[in-house]
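# Coordinate inspection notes
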Amino acid sequence: MSPTSPASPTRSAGPESPKSPAPTRRLTTAQALVTFLARQYTERGGRRQRLISATWGIFGHGNVAGIGQALVEAGHGGNGTAHRMPYLQGRNEQAMVHAAVGYARQSGRLSAHAVTTSIGPGATNLVTGAALATINRLPVLLLPGDTFATRPADPVLQQLEVPYAGDVSVNDCLRPVSRYFDRITRPEALIPAALQAMRVLADPAETGAVTLALPQDVQAEAYDWPEEFFAERDWHIRRPAPDTYELETAVRAIRSARRPLIVAGGGVRHSAAEETLAAFTAATRIPVASTQAGKGALRHDHPADVGGIGHTGTATADELARTADLVIGIGTRFSDFTTASGTLFADPAVRFLHLNITAFDAHKLAALPLVADARAGLEALTAALAGRGYRVDPAYETEYTGAKDAWEERVEASFATPDPTARPTQTQVLGILDTLVTEEDILINAAGSLPGDLHKLWRTRSRDQYHVEYGYSCMGYEIPAAIGVLLATGARSREHRPVWALVGDGTYLMNPTEIVTAVQENLPLKLLILQNHGYASIGGLSASVGAERFGTAYRHRDADGGFTGPPLPVDLAANAASLGLRVLRAATVDDLRKALSEARDAEGPTCVYVETETPDTVSGPPPAQAWWDVPVAETASRPAAVKAREEYDRQVAARRRHL
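The notes below deal with the structure included here. (Residues numbered from 1 in each chain as written. Predicted model: local features only at pLDDT ≥ 70, side-chain atom pairs only at ≥ 80, totals over all residues. Heavy atoms only, no water.)

Okay, the pattern of salt bridges next. Scanning all chains against the criterion turns up 40 salt bridges. E611 serves as the salt-bridge partner of R423, at 3.4 Å between the closest nitrogen and oxygen. Taken together, the residues span a long stretch of sequence, with R423 in the loop between α15 (394-415) and α16 (426-436) and E611 in strand β23 (residues 606-611) at a distance of 188 residues. We note a salt bridge from D571 to R585, for which the minimum N-O separation is 2.9 Å. On the criterion of sequence distance, the pair formed by D571 in the loop between α21 (536-544) and α22 (572-578) and R585 in strand β22 (residues 582-586) is long-range, its members being 14 residues apart. Note on D571: relative accessible area 35%, which makes it partly exposed. Connected through salt bridges with shared partners, the residues E408, E412, D434, R459 and R461 form a single ionic network. (Salt bridge = Lys/Arg side-chain N within 4 Å of Asp/Glu carboxyl O. Helix = DSSP H or I, 4+ residues; strand = E, 2+ residues; numbered from the N terminus. Buried < 20%, exposed > 50% of the residue type's maximum accessible area, 1.4 Å probe, protein only.)

What follows is the structure, encoded as structure tokens:
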């Protein structure tokens, strides 16, 4: 939506009166950008909010005098109270992007954060976070400093010299992981670039990381900006309806299906389509499986919810997938974990119907495309099917509800804690947490063995409780993302929601630095550290593919140079305490129950530290219910690899291309 133009200045009457010049404002490029950003809004369904609500930053010579100085003015009334730009201080550039992504996801992609860095390593540290944002279709604005546009000295500090191209800088690393990229080499070039950046951030089909690289001299250069550039703008978030032909084709496919299965992805959440999905399933009784991003589309106790799907899914969902004759994807990318690397959907006649806001995703697996917003598409499907009497066979409904009940018994067995004085297993930790949380709690995780256990076992109670980043599965995401979620849920109010960051020791050691930010802001972060002395998830994978857990344990070297000695004497609880957290240590099941309860009630940032036990056959998690393709050495001399290759060849034979 175009902004309302400022009132035209008064002009004298008469044919020879000169035309008054359009009003302008003299600002530096950085000041103009910050002023512009503070006046951008999104609107959907009558709800209006700031598009860029705050800026994260770590300053160096590449941005301190430009964006840094502009943020000083914007944060101290220079833009007026309504248009201030809050500043958030980070400790690691990658972590700042993770925090911004967590904020954007919790905000329903309707509001986002900007992230500013210096040139050089500050800028390249953005790449991992940018990839995560783009892969997960979550908006974040990146504002890295860049080398001088005017090149008064060549090279300058931290400049990458490329002999064959004088216009390349390290910021070009951000091109492939950005949905929009521009380098602002002149002040006036900011105007079209800034508008394009906002368009992409607010576009539900195109959104992701957006990068505006800012040469440090251009940031500080003044220009007479048209006042109209700083008028408030509303970016309407579209809900495109489905094409009539595609809708009719989809309805025919559903009506002819005997064993349909819905796969709900993150698009259900981004569209706020949970209630619409529930209404659709109430009318049709089609079961709903969920990807990692889609878990929570239905509550765990909804009759149609059959849990996670794919390699980390439930037996209920995966068995339904193997016999489904129509797979209805809603807002999913159909990654290899979801499809079990092309082995899951086994019915020879299976067809696919994809409801997705992007045509790129809607056509995957040779599907019948239904290109539309998830909520708009579901509403159209529900209405189109209403008068045609479609509902799955009652025997099919009885089958999947019975299988769901059987799986719930396996969940209970995994969560059971028969000995309160024993050291808990990882799944028992989740079981104890399960008894404490309500629909208000939010759980954040991204990597290691926890995503698999959570996808299979966690009982999701609300649409936004389950926050597992598995598009990029980035170690180190959890703590900064939790800070972003806390900011999005009003953590400074007395009515804040409990937000848990669940991490293993490997993830903790990757990126704990934003603990300092949580302490600085007094955010009630609830950090749960599970110490298992290494990379448990990859250790198990390594054993299964013949790599014999090589390099996956945190242990001293043995006499042969391997890592099979005693566990390293690393005290992560002491480390967390040294960064300012209040730490509760738990040695037993009983200790853990008390510590988690205390942490949940805490008003300030709190950590619960527990060393987990290797699971036994009673309380361990159920094994993977579907395959995942990790290629195994085709030739090897060690028996473990030879055996693993035999199993690999057996599994890969079941893979098919859906054409």
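Okay, the sheet that holds strand β20 (residues 499-504) next. The strand order β19-β18-β20-β21-β23-β22 describes an open sheet built from six strands, whose pairing is parallel. Edge positions in the sheet fall to β19 (466-468) and β22, since each has one partner strand and no second. Looking at each pair of strands side by side, their axes are set apart by 20° on average, direction ignored. Bridge count between β22 and β23: five bridges; the pairing is parallel. In the sheet register, A586 faces β23, and the bridge partner there is V610. (Pairing = 2+ DSSP bridges. Axes fitted to C-alpha atoms, helices over the stretch in contact; angles between N-to-C directions.)

The next subject is unusual backbone geometry. Backbone torsion omega between D154 and P155 reads 10°, so that peptide bond is classified as cis. With respect to the element layout, P155 can be found in the loop between β7 (140-146) and β8 (180-183). We note that R137 has phi near 60°; this positive angle belongs to a residue other than glycine. Structurally, R137 can be placed in the loop between α5 (126-135) and β7. Given a relative accessible area of 21%, R137 falls into the partly exposed group. Within the chain, R549 stands out as a residue other than glycine whose phi angle is a positive 60°. Within the secondary structure, R549 is located in the loop between α21 and α22.

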